Structures are given as structure tokens and as C-alpha cells.
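Chain by chain, the residues:
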Amino acid sequence: MKSAVVLIIILFLAGCSSGLQPGTSSPVHPATLHQQLPPLDSLARSSSETSGAELNGAEYSALLPSQHAAIDGNNCVLTASGSTGGGIAFAIYSFSLPDYTGEPELVLQCSSVVGGLYVGFSDYGSGRWKFVQADSAATQNIPFGNPSGMIAADGGFLVAVLVAEDAVATVERLAIGTPPAGNAPPVAVLNVDNAFGEAPFTVNYDAGSSSDPDGSITLFELDLDDDGTYEISEATAPAGSFDVTEEGSYPVRLRVTDDGGASSMALVVVTAGSGWQDSGAAINTDTYVAGRVDFHADGAPLIVHTGNDFGLSYTRALDGTGNSWPAGPSAIDSNGFLRNLFIAKLLGRPCVAYLMDIDEGATEDFELRFVLAQNAAGTAWGTPALLPETELMQAVVGLAVVDGNPAVLFQQFVHSESKNYLYYVRANDNQGDTWGSPVKVSELDVTIEEQSNLMVFGGVPCVAFAHSPLGSPDTQLRLARAADVQGSSWQADELVIQTDLFDSCPPTMAELDGKLAIAYLNFSNVYIIRSTDDTASSWDSPQLIADTAFSFSLAFHDSFGHPALSWSSLTPHTIAEAKYIRALDSSGSSWPASASVITSSTDNVSSFSYSMVEAGTLNGLPAAFTSRLSEALKLSILK
């Protein structure tokens, strides 16, 4: 059976007088916190915000989403108890620090803290939140290091205060300031190389990235079995390995102490799993033809899909693990027959772009629509907006938030030329109520089918697609980039590589460590090609990721800070499989030897195959929804 190693890294920062120590509750996986907070790229700060460097608890931003937060005078009361799926409560504070050049720290003043208290700092350089677990002290100083890259171009800086695991906290004051004169604590960093493996396997570790901002680290201590005893105690950074022989969790704790006596800790928990397991959940989506998943819609998975009336419907789990589901779906838009759709996050809420056939069978009656949920859970929806009409829309092929507003990529067939073109259209407002005019992305005859290929890289929207020149047996992998941040005009698309690309499965894109990466299928192989710079103007050689059979539905996604790929694989008349592979590093330069199988069928599968593979994380574990034609939707968990 395939197995996995789930890598969990939790950073605890500690000073000698006001240091951070682990809270009293059981640790929460930071990837879970990252997934439950609204993505940074969906949080558009208002230029009118001039909140300065100090706020009281009640001054969390009204322009940004918060959850289970209540105002009590000048305080904010966060209550995770009763939140969906045992989720979190949080409030997001918006600071303005345009001229800040110090080595700052957050002064957090709380009272009535019970359980797990966390602080998330915006990091606009990586596009992710960075988390620190706080203690229950009434006032504590939380250093967050050099702010370079963490502060937006306009000086904006976001701080999220969270409680989890049924915890409660009253936030009274937050302030950004320079630490008082004295010794600054060191930063403990423990790196390991293994992210996947089947026991027995070896984990290599290295503490060499640890640092001290105002001195030197004089002592490195390692507790390899989390029993409170540090088996390794050295003056230099230790590097070594240990063997994982059985399934289970293996915590490794690093403590570093500097020349002034301050210390900090890092904890890595390596878990050897038993592979993909069917959750056994009964997911009642009734008629299921097309669908997309939001894995963290206010703490629970949400599936937007074809409903029993063949329109647009949703089904949302009743808990955060996806084990309990309602009796059936709820309608969002019943005016037509759903052809395909994409889901994204906008203003912390799910949104959907989709193609509707308002008179089934008559292709000239296709309509492109957009709808935004009215809450973070996706259980209430607004009125769908009709996007500008085109000659003939074949499919929606991408949805993204571009410069704060939703944007849609779609394919259009022009009868008079017998060609497929790519078009891009962006909303005029940040809720998608009104839309601009479509802009042609490429003059080439392209076929992208139903694959998300729209993302923002280098500050502008980008599209990757396959093109087969007339009369050529080869296929070109090409990249189109907008000429401005809104995508109102596009540059001539560029050749990335020419290959025998199997173009019925379109490429998919992701940003990995500041570089653009494109994954694609070349007959029976999965490849990744990465740019060599942050402008995607030059490219490295393709890297073989996995061998596979006839495949489709290739998709990138984030798995605890590492890229992962999922796809459907079909060997005619023998076996249909849903596959998953996760990189061993954040750049996607190193991958395990083979992909793991999510589910598989028996013999004679020529008449049906996987119609959807959507992978993500649930409750801190990799998860995947898979659907085969004529079978119920299935949820699998990598344990």
C-alpha cells in the first residue's frame, strides 16, 4: 500500500523574559490555520486605511473578513467554541507602516485566554500567512523578524489573532514597535528532507538555517523522541538522520540558545501514514456531472456542482472532517443546464464562474455567468451576473481574482473561421456585479477544454495553453501574459517548449518559490517546466515527475507549503486510477519515486473513468474528492 509522510512544522519563538512558549491546548496544524484564513491575494486593503501602528481590540478591520469575533467595548472577544467542524475564531487587524525600517515585534495584550492562541502575520513576499503560537500571558511581545517582503507596497501589514480547539480570548490591544534595548532571541529552524515515504524510510534533518539577529547561537539541542530529554547538545548546528520503522507520528524538537541566554524552539512532526483511505462518507449530490471543491469554506468542505435539476447547486459538509453531509444539495441557479464551472475565493467567500445552456441542445443559447456567495460558508448566494455575450462559448477555462476583481478565461468558437480562441473578461467591481468587455488573449487556434489556466504571476494575469500548428505532428506549450495588471490588453504569447504534448489534457500553472511552473502531460508522462527568473522570460529543461497511463484532469495544488499534483489515469479495459504526488520541497525540484493511488477500479473500465479529481487538505491531512461516471462521489484521506 502506498504511504505518506505528512510534514508539520510549527514555529515557537521565545525570548528570555517575554518569550513565547507552547500554549496549553494540543497543537493545531499551521496548514489548517493557513487554509481557514482568507488567502492574502483575496484581501484587498483599502487605500483609505490609515490605522497606524497601534489598535485596540475592537478595531479589527471592518473591510476584511473575521469569524466568530464580537466587540465588547474596546475589546474583541474570540470564541472558537461552537464554530463549524471545531474550527477557529479570528479577527484581522490592518496596520499601516509605510516608513517602518526597524526589526519589529507585535505587542499583544489579551485577557481571558483559554486554550490555543495563535497570531498570523501577512507575508506578501510568499503570499502566505506566517503563524506563531502564543502563550496565555496578559501582555506578550512577539517578534516576527525582518519585515522585508512582509509589508505590502502601500505599507499595509495584516495581523490575524486566532483561537482554536474550543478556545476563548479577549483581545485588548495590539501594537507594532521596535523591541526594547537588550538581547533579541534567536530564530530556530529545523529542516527535514522527507515528505513522503513508506516505513521504513530515512529522514535527514539539518538545523543549519537557524540564526541570531544580534549575536550568535552558542547551543543547539535536539530532542529526537519528544520525551523532554535533549539527546543531542552541541555548539554547532547538528545535521543527521533517523529512521522511521513503523506508522505513527515522530516529533523532533530543536532548541537554540544565543550568547545572551535567549532561546527559541522549532518542532517538526513527521508522520508515517498508511496511504489513501476511503472516508466512508455518504455524499449526497444526486445527479453529478461536473463539480469543483472549496476545501475550507468557513471550516468545512463545499462542493459546487450539477444538481438534480441539472442547474448549479452546492453541497457543504456538516463538519470540518467531511464525514457528515446533508441529505441532498441546495440550488444556486436553476435557470439552465450547467456545462462546466470553476470556483475561487473572493473577499473570503466562494465564487463561481460557469457556463449555462439555457436551451439544452442549442449551442447558440450558452450563457457565461458569475455568482458570489454571501457568506464564507457558501450556504447563501447572491444573484448570478450575466457576462458579456460572445459568438459561441465552448467552456469556462479559468477563474481568478485579478487586481482585487474577479476575472474569467473562456474559450470561444468562431464559426466563420472554424477556430477556437481564448478570451478574458474582468469585472468592473470587486464583487462581480458588472463586467467589462472581453479581450482576446491569443490569435492561435487553441483547445484548452475545462482546465483552470488563469493566474496572476509577476503582477499580471497569465495563461498557459497547448497549440498544435497546422500540419505539424508536434505541440507547442505557450504562455500568454497581459500587458497590464488588470488584463485589459495582452502581449503576444510566447513559446515555452515544443514537444509531443498530449494536448487533450491542458497544462496547469503554479508559482513555486517565486518562479512560474507549468505541469503538463506528454503522452504517458507528467512533466514540470520552471522559469529560471521571476519574470518567466526564460525556462529550465523539463523535469519528469511521474510515469502514468492515459491521463487527464491534471491539477496543481498546495499541500502544507509544498506543491502537489493530482490527475486521473486510465488504462483502457484494465484499470482507472486517481493519482497524487507531493514534492519533497517548496520549489518542486525534488519529487518521490512514484505517485500514490487514491482509488482504483477493477477490470473492464472502458465504459467509465474518473470525471473529477479535486485534491486539497482537510483537518490537517491531504484529501481528495474523486468521481467516476455512474458512481457516487467519494472522499479519500491520506492518513
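Note that the structure is a prediction, hence the values are computed from the model and not measured.

Cut-offs applied
- Residues numbered from 1 in each chain as written.
- Predicted model: local features only at pLDDT ≥ 70, side-chain atom pairs only at ≥ 80, totals over all residues.
- Heavy atoms only, no water.
- Phe/Tyr/Trp six-rings, centres within 6.5 Å; stacked < 30°, edge-to-face > 60°.
- Helix = DSSP H or I, 4+ residues; strand = E, 2+ residues; numbered from the N terminus.
- Buried < 20%, exposed > 50% of the residue type's maximum accessible area, 1.4 Å probe, protein only.
- Lys NZ or Arg CZ within 6 Å of the ring centre and 35° of its normal.
- Polar contact = N/O pair within 3.5 Å; in protein donor to acceptor, adjacent residues only side chain to side chain.
- Contact = heavy atoms within 4.5 Å.
- Pairing = 2+ DSSP bridges.
- Axes fitted to C-alpha atoms, helices over the stretch in contact; angles between N-to-C directions.
- Lys, Arg positive; Asp, Glu negative; His and termini not counted.
- Salt bridge = Lys/Arg side-chain N within 4 Å of Asp/Glu carboxyl O.
- Disulfide = S-S within 2.5 Å.

J.: Before we go on, may I ask you to explain the packing of aromatic side chains in this structure?
T.: The description of two aromatic rings rests on the distance between their centres and on the angle between their planes. Enumeration over the complete set of coordinates arrives at ten aromatic pairs. On the basis of an interplanar angle of 50° and a centroid distance of 5.7 Å, the ring pair of F295 and F625 is categorised as tilted. You can see F295 sitting in strand β18 (residues 291-297) and its partner F625 sitting in strand β43 (residues 621-628), a full 330 residues away along the chain. Each of the two residues, F295 as well as F625, counts as buried. By the ring-pair criterion, three or more aromatic residues cluster together here, those being F295, W325 and F625. Above the ring of Y421, the side-chain terminus of K440 is found at 4.0 Å from the ring centroid.

J.: Teacher, can you tell me more about the side chain of R478 here?
T.: Locating R478 in the fold gives a position in strand β32 (residues 475-481). Assessed through its relative accessible area of 12%, R478 is described here as buried. In terms of polar contacts, R478 uses its side chain to reach the side chain of Q476, at 2.6 Å. The contacts of R478, once residues within four sequence positions are left out, are L444, V463, A464, F465, H467, D493, E494, L495 and V496.

J.: What's the story with the environment of P406 in this structure? I'm lost.
T.: For P406, the position within the fold is in strand β27 (residues 405-414). Spatially, the C-alpha atoms of P406 and R426 are 6.0 Å apart, while their sequence positions differ by 20 residues. Beyond its immediate sequence surroundings of up to four residues, P406 is in contact with L346, F370, A400, V401, R426, A427, D429, N430, G432 and W435.

J.: How should I be thinking about the pairing of β18 in this particular structure?
T.: Consecutive side chains along a regular strand alternate between the two faces of the sheet. The element β18 is extensively covered by neighbouring structure, given that seven of its seven residues are classed as buried. One ladder, built from five bridges, connects β18 with strand β19 (residues 300-306); its direction is antiparallel. Across the sheet, D294 pairs through a bridge with L302, a residue of β19. In textbook terms, the turn of a hairpin is the stretch between consecutive antiparallel strands, and for β18 and β19 this stretch comprises two residues, one of which, D298, has a positive phi near 55°.

J.: Help me out: how do you make sense of the sheet that holds β32 in this one?
T.: Where strands meet in a sheet, backbone hydrogen bonds hold them as pairs that are either parallel or antiparallel. An order of β30-β31-β32-β33 is seen for the four strands of this open sheet, with the pairing classed as antiparallel. The two strands at the open ends of the sheet, each matched to only one other strand, are β30 (454-457) and β33 (494-499). Taken pair by pair, the neighbouring strands of this sheet meet at an average axis angle of 25°, ignoring direction. Both strand β31 (residues 460-467) and β32 contribute to a ladder of six bridges, which runs antiparallel. Following the sheet pairing, F465 is matched in β32 by R478.

J.: Sorry, what's going on with the sheet that holds strand β37 (residues 543-547) here?
T.: A sheet is described by the order of its strands in space; here four strands give the open sequence β34-β35-β36-β37, paired in antiparallel fashion. Where the open sheet ends on each side, the last strands, each with one partner, are β34 (508-512) and β37. Each adjacent strand pair in this sheet contributes to an overall mean axis angle of 25°, direction not counted. Bridge count between strand β36 (residues 525-530) and β37: four bridges; the pairing is antiparallel. Bridged to I528 within β37 is Q543.

J.: Please explain the pairing of strand β4 (residues 75-79) as it appears in this structure.
T.: Residue alternation in β4 divides its side chains into a buried set, C76 and L78, and an unburied set, N75, V77 and T79. Two elements, strand β3 (residues 69-72) and β4, share four bridges in a ladder whose sense is antiparallel. Bridge pairing in β4 links A70 to V77. Counting the residues in the hairpin turn of β3 and β4 gives two residues, including G73, whose phi is positive at 65°.

J.: Would you mind showing me how to read the side chain of D319 here?
T.: Tracing the backbone shows D319 in the loop between β20 (312-316) and β21 (330-333). The buried charged residue D319 lacks any salt bridge partner; its closest oppositely charged side chain belongs to R316, at an N-O distance of 8.7 Å. For D319, the side chain forms a polar contact with the main-chain nitrogen of N323, separated by 3.1 Å.

J.: Just to check I follow, could you spell out the state of the cysteines for this structure?
T.: Summed over the entire model, instances satisfying the criterion amount to zero disulfides. The structure places no disulfide on C76, whose sulfur is separated from the nearest cysteine sulfur, that of C110, by 9.1 Å.

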